[in-house]
Number of protein chains: 2
Amino acid sequence: MSHSRQIHLARRPRGIPVREDFAVVEVPLGDAAEGEVLVQGLVMSVDPYMRPRLDADQALETPLIGGGIGRIVQSRHRAYAVGDLVRHGSGFQERFCSDGRGLTKLSPDPELPLTVYMHALGGTGLTAYGGLLETGALKEGEQVFVSTAAGAVGSVAAQIAKIKQCYVVGSTGSDEKAAWLRDEVGLDAVINYKAEPLAESLAAATPRGIDVYFENVGGAHLDAALPRMNVRGRVPVCGTISSYNGSPQAVYGIFNLIYKRVRMEGFVATDFAPLNGAFMRDMTGWLKDGRVKYQETVLEGFERAPEGLIGLFEGRNTGKMLIRVAD
Amino acid sequence: MSHSRQIHLARRPRGIPVREDFAVVEVPLGDAAEGEVLVQGLVMSVDPYMRPRLDADQALETPLIGGGIGRIVQSRHRAYAVGDLVRHGSGFQERFCSDGRGLTKLSPDPELPLTVYMHALGGTGLTAYGGLLETGALKEGEQVFVSTAAGAVGSVAAQIAKIKQCYVVGSTGSDEKAAWLRDEVGLDAVINYKAEPLAESLAAATPRGIDVYFENVGGAHLDAALPRMNVRGRVPVCGTISSYNGSPQAVYGIFNLIYKRVRMEGFVATDFAPLNGAFMRDMTGWLKDGRVKYQETVLEGFERAPEGLIGLFEGRNTGKMLIRVAD
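Residues numbered from 1 in each chain as written. Chains lettered and ligands numbered in written order. Predicted model: local features only at pLDDT ≥ 70, side-chain atom pairs only at ≥ 80, totals over all residues.

> Hey, could you run me through the overall build of chain A in this one?
For chain A, the helix and strand inventory stands at nine helices and 15 strands. Projecting the C-alpha coordinates of chain A onto the three principal axes gives extents of approximately 65 × 40 × 35 Å. Taken across its 327 residues, chain A has 50% of its residues classed as buried. (Helix = DSSP H or I, 4+ residues; strand = E, 2+ residues; numbered from the N terminus. Buried ≥ 20, exposed ≤ 12 C-beta atoms within 10 Å, placed from the backbone.)

What follows is the structure in C-alpha cells.
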C-alpha cells in the first residue's frame, strides 16, 4: 500500500484564508481496481472563485474541490492507457484512483507547454472567451475596460478584445504588472488602481466611454466603470474578488444602468461548453502565433497549494497561479 | 395679450426638493400665429424620474421638462381643430402656443376617465408593460417581486404579472397601501418595508425564489432581492428612487449575479415605442374589464405641481400623482 496526500479544509476561514485553515493530510492509496485508473497529478489550478466555496459548499476534512491535469500511471480501465494525460476534477489530491468519472483525455499541442492547458487553454481561457464574446456580446472596435487585467482571466479577456480591434483599458495593482500590460500586451491604457485615483484615471482613459466592462472585482471598480458606460453597454460579471474575503465593498452607482440601458449579467464557464470547439481552435492559434501572451506563477510542490490560494488574495501571483505536483 | 403660468426651477435642490426650489411664474401669452395652436393644459404628470434631471439637465428659469394632456382652444394649424385633445411634452405650462411639435392627438375611450391616459394608458403603463414583458422577459407562471408595488409603475407591473398567472410579491411603505395591494389588487404577498425586516420578509414570501424582480428602489431592496434570485433570473431596472435625493444607498450583493447568471438591465419607456399598439389594446381591455385597478392622487390647481413632485419623495401619493390644471 502506497500513500498519497490531500489538501483539506481544516476550518472555515475568516476573511483572507491563512495557512492554518488548511491541512496537508497523508492517506493510504491502493492500486487501481478493475475498471479504474491510478492518476498521478502533474499540475493543479488555484482560482479566486474557490474562496466563496470555503464558506459553505466545501466540506471540512475532505480534499478541496478543484481541478488539474494528471497522467495515468496504472490502468485497469479500457479507455485509458498508461501515459495518457487527463484533465480531472478530482480535487486537491497528489495521486488518486478513479473509475473515469470527471476525467477528460487531453492531447496537448506539442508546441505548447502543458501548463497553458490549465489557463489560456483551460477553464480560465474559456471563461474570458465566453464572457467577453457571448455574455458581453463584444463587437469589433468597441471600447473595453477589463479589471485585474494582468490576472489569469483578465489578461486573456483583454487580449481577445485587442484581437477584436477594440480600444482596451486595463486595471491592475502593481507597476510591474502595469508595465507588462502596457509594454508586452499592448493595452491602450493601464491603470494601477493602488497608485492612482481609479475613477478619475478611468474617466481620463476612456474618452469614448465604455461599451463592455469585463468585471472581475466589484465595489469601487464597478462604481468607477458604471458612470462611463455607453448606451446599451454590457457588464459581463465574471467575478467580484473584492467581496470574496468577508464584507463586500459597497456599490452606489446602480442608477447608471437606467438611462444608458446597461445590461449586467453573471456567467460561469460551464455555460460556454457549446463554444469549446471554437475556443480551442481560436486560442491554440493565438497562443502559437504569439497574439495571446501569458504569465504564470508556478509553485513547486503539492503541499504549497494553500500558499498559492492565499497568495491570490494578496496579489502574489503574476498571471495564472499554478501548483506543480510532479513532472 | 392674455397670460399663462409656468413652473420654473429656481435653484438646484439639495436632497429632497423643497417648495423654495421652484417658482410659479406669470408670463404673457399671445394668440396662436399662423401654423400654430393654443393649448389649454388639463392634466399634468409628476414622476420620480424628474428628480435626477433637477441636478443637471433641467435649465434654471425655464418651464420644468414634463408632459401632460391639453385641449386645443385656438387653431391656425390645419391638423388640429378647437376641442381636440392632445398629449404634449411642452413642460409645466398652464397654456401655451405650439407649432405642433411634440403634440400627439388623443382619442380617449369614452368609458374611461381622461386621467388614466396619464398613467395606466400613458408612459407609466408602457414603462411597466415593456419593462416587465420585454426587458424582464416575463413568462407565465413565474415568481415575481415588484418594489413600490402600490406606486404608479409598480402597481401596473404587479397586475400585469398577475394577469400572466405569476406568483407576485409586492413591497410598499404603509399599511394602507399594503391593504390595497392585498385586498383589492390580490397580490400573493405584500411586505410593508417600513414596518417589517425587508430581507427576512422577502425570503419568507418567496419560497420558490424570484424569477423577475421589477426594480424601482435600489439599495436595501436590491440587496434583499439578489440572494433570492433564481438561475437565469432577470432584474429589469426601472428606477432607483432610493438614490434620487442625494447619497445613494449602498448595494452589497452584486456577487449574487454570478452563479445564478442573473441579468440586470436598465430601460426607459421610449425604448418600447414599437410595443405601443399592443400595449394600448391590452391595457384598454384590462382597465375596462377591471383586471387592472389603479389609484390616483390628483392635486387641483396648476400651482400645486411643485407640491406634487415633492410629495412623491415623501410617499404622499396613493398611486399616480397628477396635477389638474383645468377641466
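Next comes the rest of the account.
> Can you walk me through the environment of Asp223 of chain B in this structure?
Residue and element names in this part refer to chain B. By the element assignment, Asp223 lies in helix 6 (residues 220-225). Overall, the presence of 20 C-beta atoms within 10 Å leaves Asp223 in the buried class. In this structure the C-alpha to C-alpha distance between Asp223 and Leu198, which are 25 residues apart in sequence, comes to 9.6 Å. Discounting chain neighbours no more than four positions away, the residues touching Asp223 are Val251, Tyr252 and Gly253. (Contact = placed C-beta atoms within 7 Å.)

> Would you take a moment to explain the packing of helix 2 (residues 123-135) of chain B against helix 3 (residues 152-163) of chain B for this structure?
Two quantities define a packed helix pair, namely the angle between the axes and the distance from one axis to the other. Residues and elements named next belong to chain B. Two elements in contact, helix 2 and helix 3, have axes whose closest approach is 8 Å; the angle formed by their N-to-C orientations is 45°. One element, helix 2, and the other, helix 3, form an angle in the oblique class. For the element pair helix 2 and helix 3, the recorded crossing hand is right-handed. Across the interface between the two elements, Thr124, Gly125, Thr127, Ala128, Tyr129, Gly131 and Leu132 from helix 2 touch Ala152, Val153, Val156, Ala157, Ile160 and Ala161 from helix 3. Split into classes, the residues belonging to the contact of helix 2 with helix 3 amount to nine nonpolar, four polar and no charged. (Axes fitted to C-alpha atoms, helices over the stretch in contact; angles between N-to-C directions. Parallel < 35°, antiparallel > 145°, perpendicular 65-115°, else oblique. Left-handed = near helix turned anticlockwise from the far one by under 90°. Nonpolar A, V, L, I, M, F, W, Y, C, P; charged D, E, K, R; others polar.)

> Quick question: what am I supposed to make of the nonpolar core here?
Most often, soluble globular proteins keep nonpolar side chains buried together rather than apart. Core analysis: the largest hydrophobic core is formed by 165 residues, its most contacted members being Leu132, Ala157 and Ala161 of chain A together with Leu132, Ala157 and Ala161 of chain B. If we ignore the near neighbours within four places in the chain, the residues touching Ala157 of chain A are Ala128, Gly131, Leu132, Val146 and Phe214 of chain A. (Core = buried A, V, L, I, M, F, W, Y, C linked by C-beta atoms within 7 Å.)

> Just checking my understanding: could you explain unusual backbone geometry for this structure?
A negative phi holds for most residues other than glycine; trans holds for most peptide bonds. Unusually for a residue other than glycine, Thr148 of chain A sits at a positive phi of about 45°. For Thr148 of chain A, the position within the fold is in the loop between strand 8 (143-146) and helix 3 (152-163). Thr148 of chain A sits in the buried class, given 28 other C-beta atoms within 10 Å. At Gln165 of chain B, a position not held by glycine, the phi torsion is positive, near 65°.

> Even after reading the chapter, I still don't get the relation of the copies chain A and chain B, so can you show me in this structure?
For the pair of chain copies, the relating transformation is a rotation about an axis with a translation along it. With an RMSD of 0.1 Å, the fit of chain A onto chain B corresponds to turning through 180° and sliding 0.0 Å along the axis. In short, the pair behaves as if placed about a two-fold rotation axis. Most of the interface of chain A is mirrored in chain B, where 100% of its interface residues are also at the interface. (Least-squares fit on C-alpha atoms with pLDDT ≥ 70 in both.)

> What exactly am I supposed to notice about the interface of chain A and chain B here?
Much of the literature gives interface size as the accessible area that the parts lose upon coming together. Opposite the 25 residues of chain A that make contact, chain B presents 25 residues. Listing elements by their share of the side of chain A that touches chain B, those giving two or more residues are helix 7 (256-259) and strand 13 (263-266) of chain A. Broken down by class, the residue content of the side of chain A that touches chain B amounts to 15 nonpolar, five polar and five charged. Pairing of strand 13 of chain A with strand 13 (residues 263-266) of chain B, which is carried by three bridges, proceeds in the antiparallel orientation. Across the sheet, Arg263 of chain A pairs through a bridge with Glu265 of chain B, a residue of strand 13 of chain B. (Pairing = 2+ DSSP bridges.)

> Looking at this structure, how should I read the confidence of the model for chain A?
Note: predicted coordinates in regions of low pLDDT should not be interpreted at a detailed level. Averaged over every residue, the pLDDT of chain A is 95; the share at 70 or more is 100%. Among the prediction metrics, the complex's ipTM stands at 0.86, with pTM recorded as 0.88. (pLDDT = per-residue confidence, 0-100.)

> Quick question: what am I supposed to make of helix 3 of chain A here?
For an α-helix, the turn length of 3.6 residues means that residues three or four places apart are oriented alike. All names here are of chain A. Helix length check: helix 3, at 12 residues, gives a terminal C-alpha distance of 17 Å against a target of 16 Å (1.5 Å per residue), a fit within 8%. Among the 12 residues in helix 3, 10 count as buried, and that is most of the element. Within the span of helix 3, buried status applies to Ala152, Val153, Gly154, Ser155, Val156, Ala157, Ala158, Gln159, Ile160 and Ala161. In this fold, the buried residues of helix 3 make contact with helix 2 (123-135), strand 8, strand 9 (167-172), helix 4 (175-185), strand 11 (210-214) and strand 15 (320-324). Gln165 sits one or two residues past helix 3 and shows a positive phi near 65°. (Expected span 1.5 Å × (residues − 1).)

> Teacher, can you tell me more about the domain arrangement of chain A here?
All names here are of chain A. When cut into domains, chain A gives domain 1 (2-119 + 295-324) and domain 2 (125-271). A straight line from the C-alpha centre of domain 1 to that of domain 2 covers 29 Å. Listed by partner, the interface residues are 13 residues for domain 1 and 13 residues for domain 2. (Domains from an automatic or database assignment.)

> Is there a simple way to explain the sheet that holds strand 11 of chain A in this structure?
Hydrogen bonds between backbone groups are what pair the strands of a sheet, and the pairing can be parallel or antiparallel. The mixed open sheet is built from 12 strands, whose spatial order is 10(A)-9(A)-8(A)-11(A)-12(A)-13(A)-13(B)-12(B)-11(B)-8(B)-9(B)-10(B). Either end of the sheet is taken by a strand with one partner, and the two such strands are strand 10 (189-192) of chain A together with strand 10 (189-192) of chain B. Between one strand and the next, the sheet's axes are offset by a mean angle of 15°, whatever the strand orientation. Its contacts with the sheet put helix 4 of chain A on strand 9 and strand 10 of chain A, and the angle it makes with strand 10 of chain A is roughly 175°. Along the sheet, helix 5 (residues 198-205) of chain B contacts strand 8 (143-146), strand 9 (167-172) and strand 10 of chain B; its crossing angle with strand 10 of chain B, the most-contacted strand, is approximately 175°.

> For this particular structure, what's the right way to read helix 4 of chain A?
Residue and element names in this part refer to chain A. Buried residues of helix 4: Lys177, Ala178, Trp180, Leu181 and Val185, and no others. Down the axis of helix 4, the buried set is contained in an arc of 160°. They therefore lie on one face. Residues Asp175, Glu176 and Asp183 are exposed on helix 4 and point more than 90 degrees away from its buried face. Packing partners of the buried residues in helix 4 comprise helix 3, strand 9 and strand 10. (Arc of directions from axis to C-beta.)

> I keep staring at the environment of Val86 of chain A and nothing clicks. Help me out?
Residue and element names in this part refer to chain A. Relative to the helices and strands, Val86 is located in strand 5 (residues 85-88). Taking the C-beta count within 10 Å as the criterion, Val86 has 21 such neighbours and is therefore assigned buried. Considering only alpha carbons, one finds Val86 and Pro236, 150 residues apart in sequence, at a separation of 30 Å. Filtering out sequence-adjacent residues up to four positions away, Val86 remains in contact with Val39, Gly70, Ile72, Leu103, Thr104, Lys105 and Leu106.

> I keep staring at the environment of Gly266 of chain A and nothing clicks. Help me out?
If you trace the backbone, Gly266 of chain A turns up in strand 13. Given 29 C-beta atoms within a 10 Å radius, Gly266 of chain A is considered buried. Separated by 28 residues in the primary sequence, Gly266 of chain A and Cys238 of chain A have C-alpha atoms spaced 6.3 Å apart. Excluding residues within four positions of it along the chain, Gly266 of chain A makes contact with Val237 of chain A together with Leu257, Ile258, Tyr259, Lys260, Arg261 and Val262 of chain B.

> So what exactly am I meant to see when it comes to the packing of helix 2 of chain B against helix 8 (residues 276-288) of chain B here?
Residue and element names in this part refer to chain B. At a minimum axis separation of 10 Å, helix 2 and helix 8 run at an interaxial angle of 105°. With respect to each other, helix 2 and helix 8 are oriented roughly perpendicular. Contact with helix 2, carried on its side by Gly125, Leu126 and Tyr129, involves Asn276, Phe279 and Met283 of helix 8 and no other residues of that element. Considering only residue class, the contact of helix 2 with helix 8 consists of four nonpolar, two polar and no charged.

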